[in-house]
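Read off the chains here:
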Amino acid sequence: LGLYVISKRPDGFHNLETLFYPLPLYDVLEIVAAKKTHLFPSGLDIHGEKSDNLVLRAYRLLQEKYPKVGDLEIYLHKAIPLGAGLGGGSADAAKTLQLVNGFFKLNIPKEKLAEYALELGSDCPFFLQSDPCIATGRGEILEPFQLDLSGYSFLLIHPEIHVNTTRAYSMIKPAKPTHHLKKSILQPIAEWKTTVHNIFEISLFEAHPFLRQIKEKLYETGALYASMTGSGSTLYGIFPKGALPELRLDGTSQTRIL
């Protein structure tokens, strides 16, 4: 909810401000003791080299540091699209750390597990828990935030446009937000349209006009608030409870309603 990139850091990362709000959209992850470690993917296609998968990287990170970590068969069923701004890969990595920690009884403290999660990705520490948080710094500084949107319905639309995060960041101009995010989120949802923004929409809507069309259609069909999530390309609309529209979009052969 809202995403502002405030400045570029000397370490190459960016300082940002956003509010992470969890939704009930899941991948499935299972680990089983084995004689040799192997990742078995299913569901949505996972692009790239299997060895680069965040789940395997999370497992190997703990294996390198703790001799008790043995070989595993890891089963990953992907339902959350990749490159969609939904944090699916980061969530998988964080949950792998928790599963391996519990399976081998490593007793790693939460604070240390969060450090390991940060080595895998800036937003990975958030997925070690499941409460709304204001995120600052790289995204790893988390402040619990009381926000309950269970009285509303969410519609998520993924146009299957894969947005490379590094390229997305290269296209934006960091700037301080005009409106204070914490104060804006406490206002009625219908007012968020003018005060809660995702800075990535500026460049990505220009590069992919279809994304702008989806957002406009969400408002046309009754969304109280609509935005792109993360660095894209998924867009979401927040509607009154049970009032989700039957959305029809032109050229939607590559569009999934989540």
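As a reminder, the structure under discussion sits directly above these lines.
What counts, and where the lines are drawn
- Residues numbered from 1 in each chain as written.
- Predicted model: local features only at pLDDT ≥ 70, side-chain atom pairs only at ≥ 80, totals over all residues.
- Heavy atoms only, no water.
- Helix = DSSP H or I, 4+ residues; strand = E, 2+ residues; numbered from the N terminus.
- Contact = heavy atoms within 4.5 Å.
- Axes fitted to C-alpha atoms, helices over the stretch in contact; angles between N-to-C directions.
- Parallel < 35°, antiparallel > 145°, perpendicular 65-115°, else oblique.
- Left-handed = near helix turned anticlockwise from the far one by under 90°.
- Nonpolar A, V, L, I, M, F, W, Y, C, P; charged D, E, K, R; others polar.
- Core = buried A, V, L, I, M, F, W, Y, C linked by side-chain atoms within 4.5 Å.
- Buried < 20%, exposed > 50% of the residue type's maximum accessible area, 1.4 Å probe, protein only.
- Polar contact = N/O pair within 3.5 Å; in protein donor to acceptor, adjacent residues only side chain to side chain.

Engineer: Go over the environment of Pro144 with me, naming the residues and quoting the values.
Structural biologist: Looking at the element boundaries, Pro144 is found in strand 7 (residues 141–144). With near-sequence residues (within four places) excluded, Pro144 lies in contact with Pro132 and Cys133.

Engineer: Just give me the short version of the packing of helix 1 (residues 54–65) against helix 3 (residues 110–120), but keep the residues and values in it.
Structural biologist: In the contact formed by helix 1 and helix 3, the axes pass within 10 Å of each other and the chain directions differ by 135 degrees. In terms of orientation, helix 1 and helix 3 fall into the oblique class. Here the hand of the crossing between helix 1 and helix 3 comes out right-handed. Along its contact with helix 1, which presents Leu54, Arg57, Ala58, Leu61, Leu62 and Lys65, the element helix 3 presents Tyr116, Glu119 and Leu120. Class assignment of the residues belonging to the contact of helix 1 with helix 3 gives a composition of six nonpolar, no polar and three charged.

Engineer: Just give me the short version of the nonpolar core, but keep the residues and values in it.
Structural biologist: For soluble globular proteins, the rule of thumb is that nonpolar side chains tend to be buried together. Formed by 44 residues in total, the largest nonpolar core has its most connected members in Leu1, Phe200 and Leu218. Of all the elements, helix 8 (residues 209–220) adds the most residues to this core, at five residues. Residues contacting Leu218, with those up to four places away along its chain left out, are Leu155, Ile157, Ala223, Ala226, Leu235, Tyr236, Gly237, Phe239 and Leu247. With 33 residues, the next largest nonpolar core counts Leu61, Leu62, Ile108 and Cys133 among its residues.

Engineer: Tell me about the side chain of Thr234, and please be specific about residues and values.
Structural biologist: Positionally, Thr234 belongs in the loop between strand 9 (225–228) and strand 10 (235–240). Polar contacts involving the side chain of Thr234 include one to the main-chain carbonyl oxygen of Ala84, which spans 3.0 Å. Excluding residues within four positions of it along the chain, Thr234 makes contact with Ala84, Leu86, Leu156, Ile157, His158, Pro159, Ser227, Met228 and Thr229.

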